[in-house]
Each structure stands twice: as structure tokens, then as C-alpha cells.
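Understanding the architecture of this molecule
Spelled out from the first residue to the last, the chains are:
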Amino acid sequence: MTADVNVREEAKGADRQQPPDRVVRFDLPDWVPGWARDAPKISVTPPGPRSREIVKMDKEYVSHAYDRVFTFTIERAAGAAVADVDGNVYIDWTSGIAVMNAGWGHPGVVEAIKSQSEKLIHSFANDIYFDKEAELAKILSDISFSGKLRGTFFGNSGAEAVGAAAKLASYSTKKFEFLSFYGAYHGRVGNALNFTSKLKYRFGYGPLNNTIFAPYAYCYRCPFKMEYPSCDLYCMHFMEEQVMNLGGGTGSLAAVVVEPVQGEGGYIVPPDTFMPFLRKFCDKNGALLIADEVQSGLGRTGRIWASEWTNTMPDILVAGKAVGGGIPLGAIIARPEIMKKWRPGAHSSTFGGNAIQMAAGIAHINAILTERLPERAIGAGEYIMKRLREMQERWDIIGDVRGRGLMIGVEFVKDRKTKEPLDLTQMQVKCFKKGLLTLTAGTYGNVMRIAPPLIISTEFIDRGLEIFESVVKEIQTELRNPPAAAAPAAPGQASGDLQQPATS
Ligand SMILES: Cc1ncc(COP(=O)(O)O)c(C=O)c1O
């Protein structure tokens, strides 16, 4: 049996209820090269000499606005492994921020980019029809609520797509206000920044207007100190009754913009009643529901779109990150009657429908579908969460383990009762030095994201978890037994190897 068949057979079973102790094992696909199979391999303490040279040049010439998480220099990546220019190989738990869902260097995507670039790179699709643009738009429609969403606009990034969604919502409803959520991240430009809640990202850019914010259903840190389900989703009633009336709105609500699983906010899975509540709320208020699936989409949560988990069809669905298979691409897919309201010329982008974007996007989505990666994400995700919950019993700095598919968050606290957040800068440095790449999230930077490529193998998961637990153990031991005279390190200056927590 080839690894591929093996994967498909196992993935088929992954969606079914498994007896609790049955472990579904996954292999790396056959195409993953040998060097990317035996990660981690740390031959030079990172950052090595070549990395340091490049970092030095970068710091002189590249804008410091990019607050790089790791100061090593990436050279290549394959499957679920990333290599630096000094020959170190890391296990990847990030997918390059939820982008490389079918694995780094998937041969279908590589071949599509190669052959497309020999024929045509810039499709000039603003003014001329292009076959692959129509093809990708059809594929996106087919996988979006069985074709009920139909009508796609292509742009170049997640934030640009969020902006397009906002324009379409305003244009079609003739209303101008939006409701977004505490902890929301929708990007950094235009309306996307308006909808992004965190002070860190908004700082220095006022006035940012047209958006009112309501609490997300973040049950682990419920602002009302209630518990689900006995709260009866109080946060949503609060939104409906208080925020909408007293929160500074103007009664011109065009749309609710929501991440069905909050990403940057802390990999928060809301209760299953949350999205359906919003659907009804929008219908009652003549507003549109915009689901931002930039991070949660394309199989990451075990469904093509996370909104499918609660069968909540948005009016406009926003895709980014994984939709281009590593090539910059953003898209909105809307209900046809809404998309039709845009007159020709109502919105545009020079590179929208670009040939390389389209070819890569088609190949990546094909890989996700034919290799049944959403089902695989469920199986792998259940396995990881089971292991993490066992870890939670051993280490009390693990406050919460949550997730769907391979969108898993582990929230760390200094104290389980007070839930005082534990900064994860040190943990990230330690994992990185041992050969495991991780990203953090959350309002307090205290949530570890586990978002590996969906083709990750059980062996890589086990190796990663082993590193992770050894670091959790070190951090908890240091926290509970601080060295007598040690001065606390400032976040981001822990070792000089890591600067800031992850940011998108
Ligand atoms: C949910 C969500 N929306 C939008 C964006 C913005 O995407 P981009 O960085 O491609 O502009 C991100 C990026 O992390 C995201 O997670």
C-alpha cells in the first residue's frame, strides 16, 4: 500500500467516531524528500553564521514594521519541515501562518506554477477573460455551501479581500456600519484595520471609524464570568440589546464581520450556537454576515470552511492565506444576488485573477480535496488534543486546550484559578532552539497555536509534542522555582534570538 493510499484509507475513518484509545496514524506523503523527513535536526545553534549575516543586512534595508518572530533565515521547506541557511531543519507547527495546508512544496502546486509561468504570468484579467480565473471561481463556488455561494472577486491578500467584502456589503445594503468582535483580526489596511480590535495593531492610526465591537464568545475568559450553556449565550444577547443600542452605532448596520474560529485572538472556538445566532441577528437587522475564513478556511478545521461546522452560510465568505497555495491571493465568494449588485467597475485590482495565483490556487485546492486533507485534519487534530489534554493533567500552566481539526490553541496561565496569562516568548525561543517552530496568539500572547500543514505525520506530531512537553516542563519548573537572584527577562529580549510574539 502506498503512503498516499494509506493516508486516504485512514483519513476516511478519521471523521467517524473512534474508540477513545484507537490511534489513527498518518504518514508523510511519498513526495516529501529525505532531508525533510528526519526533522528536527539542529546542527548549528540557531541563528547560525549565515543567518546572522542576512539578518544584519535585512535590518539595514527592510522596514522594521515586520516584527520577525525568529531571527533565523529560511532557505527551503518541504512537507512539514522548514530548513534554514545554516543547515538546521525544524518541524513546522505554523504552516507559515496557516498557508501551506497541503504541505510545503506540494508537487501539484509546484508543477502548476512552473508550467503556468512558461505560458503566461500576468493574465491582465482586469480587461481580458482568463480561463483559470473562471475555473478557480467555479471550484470555490462548488466547495462553498454546494454552490449556493457563487460569484467570486479575486484580490491579492486577506486584508484586501476583507476590504472588498466591506465594500460589497456597503454597496449592496446602502449602509455603512460594521460590527466586529473583541480579539478580531482581519488585517492591517483600510476597512480590515477598522475591524481589527487589538490596540497593538490600531495604535497610531486614528481615527478608525465605522465599526462597533462586541464581545466574542470566548468562554475560557468570559467577560461576564458566566458559563456556557447555562449563560444562554449571554454575550450575544448583550451584543443585541446593549451594544447595538448603546455602543455608539448609528442604526446603519451593513454587516457583521466574524471569524468562525478566532485566529489571532487566540484560536478560540465559540459554542455551536454562536454563528447561527449571528445569522439570525443579521437577517433580523437587514445586515449581511461576512465570515472571514482567511485563517480557518481550506480544510484547516476539518471542513473546507469552519462555518460549515454549524451549517451557517454567510452572505460573503472571505478567503486568503491557503487559497493561493503560497502565492498571494485573496478572494470573496458571495451569494449571487449580492455579488450581482456590483456594477462593472465597482471594484478592481490590477493583479486580481493573476495567472500564477489562479494556477497555484487550483492546484492547492485540488490537493486538499483529492487527498482528503480536511478529514485528515480531524484525525490528526483529535490525536493532538488528546495528547495535550493528558499533558494538561501533568502541567498546571496549561489552562485550556481547544480547537477544531488542526487549528488548535493551548492557553497558558500562571495560575489556573486566577487565569493570569503566561507570556510565551521564552517558550517559543526554547521550542525553536530545539527545532520546533511555533506561533503564539491571543490578547495576552499566551496562546500557543498548533497549525501544522494538514499532511503532517503522526511521527512528526509525536516528535513535536515531545519537544513541546519538555519545554512546558522547563517553563513550569522555572516559574515555580525561580532562581534566587535572577532578574526577570523583558519579553522579546529573552535570548536575543526572538523578538516579538506572532502577529497575524
Ligand atoms: C482571519 C484573518 N483575516 C484577515 C487576515 C489578513 O490577511 P493578510 O495578512 O493576507 O492581509 C488574517 C491574517 O492573519 C487573518 O488571520
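Bear in mind the structure is a predicted one, so any value in this text is a computation, not a measurement. (Residues numbered from 1 in each chain as written. Predicted model: local features only at pLDDT ≥ 70, side-chain atom pairs only at ≥ 80, totals over all residues. Heavy atoms only, no water.)

1. Things to note about the pattern of salt bridges
- With the rule as written, the count across this model stands at 26 salt bridges.
- Each of Arg-279, Asp-283, Asp-315, Arg-335 and Glu-337 takes part in salt bridges that share partners, so that together they form one network. (Salt bridge = Lys/Arg side-chain N within 4 Å of Asp/Glu carboxyl O.)

2. Let's talk about the pairing of strand β5 (residues 177–181)
- Counting buried positions along β5 gives five out of five residues, so the element sits mostly inside the fold.
- Along β5, one buried face is formed by Glu-177, Leu-179 and Phe-181 and the opposite face, lined by Phe-178 and Ser-180, is buried too.
- Here three bridges tie β5 to strand β7 (residues 253–258), and the two strands are oriented parallel to one another. Opposite Leu-179, over in β7, you have Val-256 as the bridge partner.
- Bridge analysis of β5 against strand β6 (residues 211–214) gives four bridges, and the strand direction is parallel. What sits directly across from Ser-180, in β6, is Phe-213. (Buried < 20%, exposed > 50% of the residue type's maximum accessible area, 1.4 Å probe, protein only. Helix = DSSP H or I, 4+ residues; strand = E, 2+ residues; numbered from the N terminus. Pairing = 2+ DSSP bridges.)

3. What to know about the nonpolar core
- If you look at the biggest cluster of nonpolar residues, it comprises 73 residues, and the most contacted ones within it are Leu-140, Trp-305, Leu-388, Phe-412, Met-427 and Phe-468.
- Two domains each provide a minimum of three residues to this core, namely domain 1 (3–92 + 373–480) and domain 2 (109–370).
- Beyond its immediate chain neighbours, meaning those up to four positions away, Leu-388 contacts Val-401, Ile-408, Val-410, Ile-450, Leu-465 and Phe-468. (Core = buried A, V, L, I, M, F, W, Y, C linked by side-chain atoms within 4.5 Å. Domains from an automatic or database assignment. Contact = heavy atoms within 4.5 Å.)

4. Description of the sheet that holds strand β1 (residues 74–78)
- Sheet architecture is open: four strands sit in the order β1-β2-β3-β13, paired in mixed fashion. This sheet does not close on itself; its edge strands, each paired only once, are β1 and β13 (436–437).
- Both strand β2 (residues 81–84) and strand β3 (residues 89–92) contribute to a ladder of three bridges, which runs antiparallel. If you follow Val-82 over to β3, its bridge partner there is Tyr-90.

5. What to know about the domain arrangement of the protein
- Assigned domains of the protein: these are domain 1 (3–92 + 373–480) and domain 2 (109–370).
- Between the C-alpha centres of domain 1 and domain 2 the distance comes to 26 Å.
- Contacts between domain 1 and domain 2 engage 33 residues on the former and 28 residues on the latter.
- Carbon and sulfur atoms supply 54% of the area that domain 1 and domain 2 bury against each other, a total of about 2500 Å² over both sides.
- If you look at where domain 1 meets domain 2, you find three salt bridges.
- A salt bridge links Asp-272 to Arg-404; the nearest nitrogen and oxygen atoms lie 3.0 Å apart.
- Inspection of the region where domain 1 meets domain 2 yields 16 residue pairs in polar contact (both at pLDDT 80 or more).
- Every element with two or more residues in the side of domain 1 that touches domain 2 is listed here: α13 (373–394), β11 (398–404), β12 (407–412) and β15 (447–450).
- It is β11 that contributes the most residues to the side of domain 1 that touches domain 2, five residues altogether.
- Here the residues of the side of domain 1 that touches domain 2 are counted per class, giving 17 nonpolar, seven polar and nine charged. (Buried area = accessible area lost by both parts, 1.4 Å probe. Polar contact = N/O pair within 3.5 Å; in protein donor to acceptor, adjacent residues only side chain to side chain. Nonpolar A, V, L, I, M, F, W, Y, C, P; charged D, E, K, R; others polar.)

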